[in-house]
Amino acid sequence: MTILVTGGAGYIGSHTCVELLNDGYDVVVVDNYYNSVPEVLNRVEKITGKTVKRYECDIRDREGLEKVFEENTIDAVIHFAGLKAVGESTKLPLLYYQNNVYGSVVLFEVMSKFDCKKIVFSSSATVYGNNPIPYKETMPTGDVSNPYGRTKHFIEQILGDLYRSDDQWSISLLRYFNPIGAHESGLIGEDPNGIPNNLMPYISRVAIGKLPQLTVFGGDYDTKDGTCIRDYIHVVDLAKAHLCAVAKILETTGIEAYNIGNGKGYSVLDIIHAFEKASGKKLNYVIGDRREGDLPAYYADAEKANTELNWHAEYDIDKICEDTWNFQTKNPDGIK
Ligand code: NAD
Ligand code: UD1
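An account of the accompanying structure is given in this report.

The rules behind the values
- Residues numbered from 1 in each chain as written.
- Chains lettered and ligands numbered in written order.
- Predicted model: local features only at pLDDT ≥ 70, side-chain atom pairs only at ≥ 80, totals over all residues.
- Heavy atoms only, no water.
- Helix = DSSP H or I, 4+ residues; strand = E, 2+ residues; numbered from the N terminus.
- Rg over C-alpha atoms; globule rule 2.2 N^0.38 Å.
- Buried < 20%, exposed > 50% of the residue type's maximum accessible area, 1.4 Å probe, protein only.
- Contact = heavy atoms within 4.5 Å.
- Areas by Shrake-Rupley, 256 points an atom, 1.4 Å probe, with all protein chains shown as cover.
- Lys, Arg positive; Asp, Glu negative; His and termini not counted.
- Charge placed at Lys NZ, Arg CZ, Asp CG, Glu CD.
- Near = heavy atom within 4 Å.
- Polar contact = N/O pair within 3.5 Å; in protein donor to acceptor, adjacent residues only side chain to side chain.
- Salt bridge = Lys/Arg side-chain N within 4 Å of Asp/Glu carboxyl O.
- Phe/Tyr/Trp six-rings, centres within 6.5 Å; stacked < 30°, edge-to-face > 60°.
- Axes fitted to C-alpha atoms, helices over the stretch in contact; angles between N-to-C directions.
- Parallel < 35°, antiparallel > 145°, perpendicular 65-115°, else oblique.
- Left-handed = near helix turned anticlockwise from the far one by under 90°.
- Nonpolar A, V, L, I, M, F, W, Y, C, P; charged D, E, K, R; others polar.

### As for the overall build of the chain
When its secondary structure is counted, the chain shows eleven helices and 13 strands. Computed over its C-alpha atoms, the radius of gyration of the chain comes to 19 Å, within 12% of the 20 Å expected for a compact globule of 336 residues. By principal-axis analysis of the C-alpha atoms, the chain measures approximately 55 × 40 × 40 Å. Buried positions account for 57% of the 336 residues belonging to the chain. Intrachain contacts of the chain at a sequence separation of at least 6 include 79% that bridge at least 24 residues. Of the accessible surface of the chain, which amounts to about 14,200 Å², a share of 48% is contributed by carbon and sulfur atoms. Positive and negative side-chain charges in the chain, numbering 34 and 47 respectively, have mean positions lying 3 Å apart.

### Quick word on the site of ligand 2
Among the 21 residues in the neighbourhood of ligand 2, the closest are listed as Leu-199, Phe-217, Arg-230, Arg-291 and Asp-294. Asn-178 is positioned with one of its side-chain polar atoms (N or O) 2.9 Å from an oxygen atom of ligand 2. Between ligand 2 and Asn-198 there is a distance of 2.9 Å, counted from an oxygen atom to a side-chain nitrogen or oxygen. Protein contact buries 90% of the 730 Å² of open area that ligand 2 shows by itself. Among the elements that line the shell around ligand 2, the one with the most residues is strand 8 (residues 214-217), at four residues.

### A few points about the pattern of salt bridges
Side-chain pairing between opposite charges can occur once the charged atoms of the two side chains come close. If you walk through the whole model with that rule in mind, you get 23 salt bridges. Across the pair Asp-323 and Lys-319 runs a salt bridge, and its minimum N-O distance is 3.2 Å. In this pair, Asp-323 and Lys-319 are both assigned in helix 11 (residues 317-330), four residues apart and thus about one turn of the helix distant. Salt bridges sharing common partners tie together Asp-115, Lys-117 and Asp-166.

### Observations regarding the environment of Glu-56
Looking at the element boundaries, Glu-56 is found in strand 3 (residues 53-56). The exposure class assigned to Glu-56 is exposed, which follows from its relative accessible area of 64%. Remark: the alpha-carbon pair of Glu-56 and Tyr-33, spanning 23 residues in sequence, is separated by 7.3 Å. Dropping the residues within four chain positions of it, Glu-56 is found in contact with Asp-31, Asn-32 and Tyr-33.

### A short note on the packing of aromatic side chains
Counted according to the given criterion, the structure contains seven aromatic pairs. With a centroid separation of 5.7 Å and an interplanar angle of 80°, the aromatic rings of Phe-275 and Trp-325 are classed as edge-to-face. One end of the pair, Phe-275, is in helix 9 (residues 268-279); the other, Trp-325, is in helix 11, and 50 residues separate them in sequence. When sorted by exposure, Phe-275 lands in the same class as Trp-325, which is buried. Each residue in the set Tyr-128, Tyr-135, Phe-177 and Tyr-298 is aromatic and connected to the rest through ring pairs, giving one cluster.

### Digging into the packing of helix 1 (residues 11-22) against helix 2 (residues 39-48)
For the pair helix 1 and helix 2, interaxial distance at closest approach is 10 Å and the crossing angle is 30°. On the basis of their axis angle, the class for helix 1 and helix 2 is roughly parallel. Between helix 1 and helix 2 lies a crossing whose hand is right-handed. The segment helix 1 lies against helix 2, with Ser-14, Cys-17, Val-18, Leu-21 and Asn-22 engaging Val-40, Val-44, Ile-47 and Thr-48. Class assignment for the residues of the contact of helix 1 with helix 2 results in six nonpolar, three polar and no charged.

### Some details on the site of ligand 1
Neighbouring ligand 1 are 27 residues, the closest being Asp-31, Asn-35, Ser-36, Phe-80 and Lys-84. Interatomic distance of 2.7 Å between a side-chain N/O atom of Asn-35 and an oxygen atom of ligand 1. In this structure, a nitrogen atom belonging to ligand 1 sits 3.0 Å away from a main-chain N or O atom of Ile-59. The fraction of the free accessible surface of ligand 1 (820 Å²) that becomes covered by protein chains is 95%. Breaking the shell around ligand 1 down by element, the ones donating at least two residues are helix 1, strand 5 (118-124) and helix 6 (147-165).

### Description of the side chain of Ser-204
Relative to the elements of secondary structure, Ser-204 occurs in helix 7 (residues 199-207). Judged by relative accessible area, Ser-204 falls into the buried class, the value being 2%.

This is the structure in structure tokens:
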């Protein structure tokens, strides 16, 4: 079985490639390396002892994608390629619609042309907006506050329309909660360019001395310690959810959404303390203002993925922090 992984050199994509290869799948990666480097795929090969066939290609490049499908028999696609910085998306919305939405449409058209109708899509818990917690797949989606989140909602809707137009499609929408952590080898992990937007890479860079101080965005929320609550999930657990989803779409048709989270909420201070324990370092942080657009608290009801995909998160927050710190200390300057 051959799986095409778009965005396979990225953070979640690379961890998923490892799990696919370890499970015996052949993997073809398409990535334009906008937010990653080819070396990541060399490291995936090193971890697994297997080869990743790779194409430097933008998913908006129809001819390039068609070549990939001509040269390989693709059984299913896992579609990670996309831009993900919420703040940037509010400044450059058209770039986000062009890259994420238009790019996805080109991909779906090329898949249709080559009669490949099985896809796992990287969606996000952000599609739930302001719903009661825990979030369930049956809740309404689309009340989203930023263009990035809207691209996820729109692509989910497009895939829904596609299935309603042709019931041979088999589509899995994975709504990720907050993926953090790194592969236990320390060879791959989250390596954002510039100053990180997200909590864990920021903490990690403060701990290693690359950034002076973490600002906790808000200490006056109506939560147990005043800081925001999120559902943090180990990236390897998340990667394994893709294997379960692929197994499912290969044997069925239909469209289903699944929450991929731990089902537990941790505060920003919980994460800081777990990281201090894992790294043995005292973290320099201050409580600052709230960040615009942040919701006080959300976490997953992951029952549907547990029962229908037979997927369960294995790793706790301590293991997540240990693996993050291991990756950070082994790659103080990131992956070059
Ligand atoms: P990432 O930036 O590390 O990986 C995305 C990869 O896609 C990168 O390698 C990038 O170079 C590539 N890419 C981007 N646009 C492309 C294009 N037009 N053509 C080809 N390649 C392109 O991000 P990630 O954290 O691994 O996220 C993967 C997916 O999961 C994204 O779609 C993201 O929106 C979604 N997601 C991520 C999170 C998270 O917290 N990391 C949460 C929810 C959903
Ligand atoms: C963010 C996005 C979400 C996206 C996800 C993955 C927003 C509003 N949401 O989720 O749409 O799917 O990233 O890209 O941007 N925090 C600090 N200090 C920091 C950084 C973060 O206190 O320097 C706090 C935040 O307020 C939040 C928590 O840490 O409570 C997690 O933040 P982050 O890692 O950015 O993820 P989300 O905001 O949950």
